[in-house]
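Read off the chains here:
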Amino acid sequence: MSAKTRVNLARRSFLKAGVGAGAGLTLGVILPPLAAAQDAAPGLPGSGALVAGRFEPNAFVTIAPDNTVTVISKHLEMGQGVYTGLATLVAEELDADWDQVAVSAAPADASRYNNLFWGPMQGTGGSTAIANSFMQMREAGAAARQMLIAAAAERWSVAAGEITVESGVVRHASSGRSASFGELAEAAARQPVPSAVTVKDPADFRLIGKRVPRKDGSGKIDGSAVFTQDVQLDGMLTSLVAHPPRFGARVNKVDSAAARAVPGVVAVHQIPSGVAVVARDFWSASRGRDALQIDWDESGAVTASSATLMASYRERAQSAGLVARSEGAVDTALEKAANRLDASYEFPYLAHAAMEPMNCVIRLDEQGCEVWNGEQLHTGDQMALAGFLGITPQQVRVNTLFAGGSFGRRANPQSDYLLEAAAIAKAGGGKAPVKLVWTREDDMRAGWFRPMYFHSLRAGLDAQGRPVAWRHRIVGQSIGAGTAFESAMVRDGVDSTSVEGASNLPYAIPNVSVELHTTEVGVPVQWWRAVGSTHTAFAVECFIDELAHAAGRDPVEYRLELLGEHPRHSAVLQLAADRAGWGKPLAEGKARGVALHESFNTRVAQVAELSRMPNGGFQIDRVVIAVDCGIAINPDVIRAQMEGGMGYGLSATLESEITIENGAVVEGNFDGYRVLRIGQMPKVEVHIVKSAEPPTGVGEPATPVIAPAVANALFALDGKRARRLPLGVNS
Amino acid sequence: MIGFEINGSAIELDVDPDMPLLWAIRDAAGLTGTKYGCGAALCGACTVHVDGRAVRSCLLPVSSVAGKSVTTIEGVSGGTAAAVKQAWLELEVVQCGYCQSGQIMSAVELLERNPSPDDAQIDSAMRGNICRCATYARIRDAIRLASRSLSGRSEA
């Protein structure tokens, strides 16, 4: 693995240099081959199995004699549209016909399929899928195209330069000859792999920037798309686990006689995370689990409760924290300021609550183990399973299936549910494949929440209302501490994901201090769609709105004046404001609010328009979104991610909240943990800034912007400032 | 043995009569298009039709459908279903797709009862179906589009 990793790491810096370069650029390429030393499961792409006549120019594309082009996705499709995006990049440079392109999931193999932004790790997250793949997939397509042309030139005895490719047809115009990709596949496979390729001038793009049908659309409307939940293997058993009622509790003793007596139950195993019931099907396992008598040892259980935790966080914020950013002399500037403002903001724990609760299938065999999973963190999960099972990471073969949402949850830093399934399979002697199924309650109470946070802000304004000092204190748990990601995420005690969105405050203020208090609670926490920005954007954008109001200024103009060094921020803000009709009068009982935020190198501005309802509550009528994500590969996928990302954030804006009481999670299902329903979804308009910059992420950046936009609109509506999320539907 | 019709074919299942219809469909009949989401009739991912009415199959005991006709996403057909699926594709509704079987089954039943629902009627009929990807705006648009195509009106 290490030799190939070095190649890829070298490529990464090369790509960074080349990514912004212009037209028709010729690039040196080293694309990994399709076949790898450690083969994937037979039948999967990457198995290295020779298929007669199939053209496999590199690890990312194969062309079959039947004319099918298969793009191999190193990234998990969890709804964000990455299959469509990666296929677009390959098909663009290959000049394939969109209808001949299929997509399949890559095996777990970081030597070929690593995320180029993550070094030697394969995985999907941080809205990096398209950004890290942009040149790699284009080069893969261009290399394949070049080999098809070489094969045609040889066959027709003509110069390669006279051959053109369009919509899957290779053509020599002057002799009138043409061939499909499938007809040339076998001959193309015999051509030397190019060491340099030429990618298109953006002016020649035919698919990038256009609307193309999603590659995962049709299977998801007829029930044929296969999620982990749907995997059926010969002899497979289903397992449910009884988990401790409180974080940190353990099994003391278990009486499983009644559970074993339930028809269909095959075995009961005590495992590190609880008690597993293994049965022929879900219902038997569920009835068996209900019949367990478990005595829990709660002596080491977490005793924290949300309310008392928040009170202690508020106390912590009274003192200075570790420095995440420091410029100028904040204390002095605050003292001298003509006007001072204070505000604090509270954020609850949040569950990801993907529609498909966590699950996976594991089979132990002579070669090691095989996994079926909506796999988001291939390399980390391979290492964790290998460590647990006493095998090598390469012996963990992964079949990546569609994930029914994730929002970060399936990239668990401790591989939690995979290790649980492995423990069950191992306890059963590895005799049968095991499907671990979590119920909604298991999923919601397992933790790995977006952490609870408290923010305290203080600003000083000069006599003209301009901000001269900004002090931002954040209190909450670290996501990275204690994980394999700690060294990358935590510097000098400051977890970058606790302060991102605050430490990179874009507004020009001469004296800035951003500080962090990291707490230890015992409730497991994890990245949740847009991570730190889910709370920092609210604090920053609500507070800057307060400053604008205190200065007697329009919130859009006030922001624009402070964004001099950030023209891309200014442009999205201006675009959203223009399209929303910012400043134009609204009917009585209606108001607008605005927010702007950059996350994952993508700038998003949103304007929310609210109406006061007769019952005293409010309704969100319309949201206008502007986004700058560089080159728009698939504009309709970008629009979908802006709509859906905003809607995901709206759940947390209005209603979603996980409450801890004495170390236990109160909410268990969608009655307690309320999420957005169709009647609450506003009309949405999305406007994409035209750009020639390299593409940046779109899966997460819309999520954090809606809460401050709505809160600022509420203030405009009734003059009250929201200080905590969720706002409540009838606030 | 519990006998009923599934997607037009007779089936007899030797299962616990209390087994929810969802698990009879998925684990016993082997049709996995119908999804488990909450087990409490709160999310709608498990929506199927029983004698043409949309029901949540995750709580309904399989014994209660004896002698009845069950339709799942794999079998839903006819003009309304075709119009709904076509609209879903045309407007690119799906993201992760896990809830969409249930969304489509609810939408088909709505349009079969009421071919021209207004927005409030759409919201009311679909409020039992959660989509965490929040594809709701496109679901609403797709139901309107399917409604228009069924009534033969232009798609203006």
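What counts and what doesn't
Residues numbered from 1 in each chain as written. Chains lettered and ligands numbered in written order. Predicted model: local features only at pLDDT ≥ 70, side-chain atom pairs only at ≥ 80, totals over all residues. Helix = DSSP H or I, 4+ residues; strand = E, 2+ residues; numbered from the N terminus. Rg over C-alpha atoms; globule rule 2.2 N^0.38 Å. Buried ≥ 20, exposed ≤ 12 C-beta atoms within 10 Å, placed from the backbone. Contact = placed C-beta atoms within 7 Å. Pairing = 2+ DSSP bridges. Axes fitted to C-alpha atoms, helices over the stretch in contact; angles between N-to-C directions. Domains from an automatic or database assignment. Nonpolar A, V, L, I, M, F, W, Y, C, P; charged D, E, K, R; others polar. Expected span 1.5 Å × (residues − 1). Bend = angle between axes of the 7 residues up to and from the residue. Core = buried A, V, L, I, M, F, W, Y, C linked by C-beta atoms within 7 Å. pLDDT = per-residue confidence, 0-100. Parallel < 35°, antiparallel > 145°, perpendicular 65-115°, else oblique. Left-handed = near helix turned anticlockwise from the far one by under 90°.

Asker: Honestly, the overall build of chain B in this entry has me stumped. Any pointers?
Answerer: When its secondary structure is counted, chain B shows five helices and five strands. Scanning chain B from its N terminus toward the C terminus, one meets helices and strands in the order β-β-α-β-β-β-α-α-α-α. Taking 2.2 N^0.38 as the reference for a compact globule, 156 residues should give roughly 15 Å; the C-alpha atoms of chain B span a radius of gyration of 15 Å, in line with that estimate. Taken along the three principal axes of its C-alpha coordinates, chain B extends 50 × 30 × 25 Å. Within the span of chain B, comprising 156 residues, buried residues form 59% of the whole.

Asker: Sorry, what's going on with the overall build of chain A here?
Answerer: Regarding its fold elements, chain A presents 19 helices and 31 strands. Taken over C-alpha atoms, the radius of gyration comes to 27 Å for chain A, in line with the 27 Å a tight globule of 731 residues would show. The dimensions of chain A, computed from C-alpha atoms along their principal axes, are 80 × 70 × 50 Å. Here chain A, with 731 residues, has 56% of them falling under the buried criterion. Partitioning the intrachain contacts of chain A with sequence separation of at least 6 by distance along the chain shows that 77% fall at a separation of at least 24.

Asker: So what exactly am I meant to see when it comes to the environment of B:Asn7 here?
Answerer: Residues and elements named next belong to chain B. When you line up the elements, asparagine 7 lands in the loop between strand E1 (2-6) and strand E2 (9-13). In sequence terms asparagine 7 and valine 108 are 101 residues apart; their C-alpha atoms lie 15 Å from each other. In this view, asparagine 7 contacts Thr71, Thr72, Glu74 and Gly75; residues no more than four positions away in its chain are not counted.

Asker: Just checking my understanding: could you explain the sheet that holds strand E26 (residues 590-599) of chain A for this structure?
Answerer: Think of a sheet as strands paired side by side through backbone hydrogen bonds, with each pair either parallel or antiparallel. Residue and element names in this part refer to chain A. Ordered by their spatial adjacency, four strands build an open sheet running E26-E27-E28-E31, and the pairing between neighbours is mixed. Edge positions in the open sheet fall to E26 and strand E31 (683-688), since each of these has one partner strand only. Each neighbouring strand pair of the sheet contributes to a mean axis angle of 15°, computed without reference to strand direction. Bridge count between strand E28 (residues 618-628) and E31: six bridges; the pairing is parallel. Opposite alanine 626, over in E31, you have histidine 687 as the bridge partner. Helix H17 (residues 567-580) rests against E26, strand E27 (602-612), E28 and E31 of the sheet, and its axis sits at about 140° to E28.

Asker: Any chance you could explain the domain arrangement of chain B here in plain terms?
Answerer: Think of interface size as the accessible area that goes away when the parts come together; that is how it is often given. Residue and element names in this part refer to chain B. With domains assigned, chain B is organised as domain 1 (2-71) and domain 2 (79-150). In this structure, domain 1 and domain 2 have C-alpha centres spaced 21 Å apart. For the side of domain 1 that touches domain 2, the secondary-structure elements that each account for two or more residues are strand E3 (47-50) and strand E4 (53-56). Of the residues forming the side of domain 1 that touches domain 2, the biggest block, three residues, is contributed by E3.

Asker: Just checking my understanding: could you explain the interface of chain B and chain A for this structure?
Answerer: Contact residues are listed per partner, giving 45 residues for chain B and 46 residues for chain A. Only helix H1 (21-28), helix H2 (79-90), helix H3 (100-113), helix H4 (119-126) and helix H5 (136-150) of chain B provide two or more residues apiece to the side of chain B that touches chain A. In terms of residue count, the dominant contributor to the side of chain B that touches chain A is H5(B) (four residues). Grouping the constituent residues of the side of chain B that touches chain A by class yields 24 nonpolar, eleven polar and ten charged.

Asker: Can you help me understand the pairing of strand E25 (residues 511-519) of chain A in this one?
Answerer: Successive side chains on a regular strand alternate, one facing one side of the sheet and the next facing the other. Residues and elements named next belong to chain A. With eight of nine residues buried, E25 is to be regarded as a mostly interior element. Sheet topology places strand E15 (residues 322-327) next to E25; five bridges connect them, and they run antiparallel. What sits directly across from serine 326, in E25, is serine 513.

Asker: Quick question: what am I supposed to make of the environment of A:Asp222 here?
Answerer: Following the sequence through the fold, A:Asp222 ends up in the loop between strand E9 (196-198) and strand E10 (237-242). Sequence-distant contacts of A:Asp222, that is, excluding residues within four places in its chain, are made with B:Ile73 and B:Glu74.

Asker: Would you explain unusual backbone geometry in this entry?
Answerer: Peptide bonds are mostly trans, and most non-glycine residues show a negative phi. All names here are of chain A. The linkage connecting leucine 725 with the following residue, proline 726, adopts the cis geometry, with an omega of -5°. If you trace the backbone, proline 726 turns up in the segment after helix H19 (706-718). The phi dihedral of alanine 530 falls on the positive side, at around 85°, and the residue is not glycine. Position of alanine 530 relative to the elements: it lies in the loop between E25 and helix H15 (533-550). Positive phi outside glycine occurs at valine 531, with the angle close to 50°. Here valine 531 lies in the loop between E25 and H15.

Asker: What is the right way to look at H2(B) in this model?
Answerer: In an α-helix, one full turn covers 3.6 residues, which means residues spaced three or four apart are oriented alike. Residue and element names in this part refer to chain B. Helix length check: H2 (twelve residues) gives 16 Å between terminal C-alpha atoms against 16 Å at 1.5 Å per residue, within 8%. Among all positions of H2, only Thr80, Ala81, Ala83, Val84, Lys85, Ala87 and Trp88 are buried. Of the surrounding elements, those touching the buried residues of H2 are H3 and H5.

Asker: Any chance you could explain the sheet that holds strand E16 (residues 339-347) of chain A here in plain terms?
Answerer: Residue and element names in this part refer to chain A. Pairing in this open sheet of five strands is mixed, and the strands run E15-E25-E22-E21-E16 from one edge to the other. Both edges of this open sheet fall to E15 and E16, since each of them pairs with a single strand only. Each adjacent strand pair in this sheet contributes to an overall mean axis angle of 10°, direction not counted. Relative to strand E22 (residues 467-477), strand E21 (residues 453-461) runs antiparallel, the two being bridged by nine bridges. Its bridge partner lying in E22, serine 456 is registered against arginine 473.

Asker: I would appreciate a short explanation of helix H4 (residues 129-156) of chain A in the present structure.
Answerer: All names here are of chain A. Helix length check: H4 (28 residues) gives 39 Å between terminal C-alpha atoms against 40 Å at 1.5 Å per residue, within 8%. The largest bend in H4 comes to about 35°, at methionine 135. Summarising burial for H4: 23 of the 28 residues are buried, a large majority. Positive backbone phi, approximately 55°, marks serine 157, located one or two places after H4.

Asker: Would you mind showing me how to read the nonpolar core here?
Answerer: Soluble, globular proteins show a tendency: their nonpolar side chains are buried together. In terms of nonpolar packing, the biggest core is built from 275 residues, with A:Val90 and A:Ile625 touching the most fellow members. Here the element with the most residues in this core is H4(A); it accounts for 15 residues.

Asker: Help me out: how do you make sense of the confidence of the model for chain B in this one?
Answerer: Detailed reading of the predicted coordinates is not advisable wherever pLDDT is low. Across chain B, the average pLDDT comes to 96, with 97% of residues at or above 70. The complex model carries a pTM of 0.95, and its ipTM stands at 0.97.

Asker: How should I be thinking about the packing of H2(B) against H5(B) in this particular structure?
Answerer: Geometrically, a packed helix pair is captured by the angle between its two axes and the distance between the axes. Residue and element names in this part refer to chain B. Close contact between H2 and H5 brings their axes to 8 Å; oriented N to C, the two are set at 130°. Taken together, the axis directions place H2 and H5 in an arrangement best described as oblique. The two elements H2 and H5 meet at a crossing, and its hand is right-handed. Residues Gly79, Thr80, Ala83, Val84, Ala87, Trp88 and Glu90 of H2 lie in contact with H5, whose contacting residues are Ala142, Leu145, Ala146, Ser149 and Leu150. Considered class by class, the residues forming the contact of H2 with H5 number eight nonpolar, three polar and one charged.

Asker: Before we go on, may I ask you to explain the pairing of strand E8 (residues 177-180) of chain A in this structure?
Answerer: All names here are of chain A. Sheet analysis places strand E7 (residues 169-172) next to E8, joined by four bridges and oriented antiparallel. In the strand pairing of E8, valine 169 is matched with serine 180. The turn linking E7 back onto E8 is made up of four residues, and glycine 176 within it adopts a positive phi angle of 75°.

Asker: Help me understand the domain arrangement of chain A in this model?
Answerer: Residues and elements named next belong to chain A. Splitting chain A by domain gives domain 1 (2-219), domain 2 (228-299 + 358-437) and domain 3 (306-349 + 449-718). Listed as interface residues are 19 residues of domain 1 and, on the opposing side, 19 residues of domain 3. At the level of elements, helix H2 (82-94) and H4 are the ones that each hand at least two residues to the side of domain 1 that touches domain 3. It is H2 that contributes the most residues to the side of domain 1 that touches domain 3, four residues altogether.

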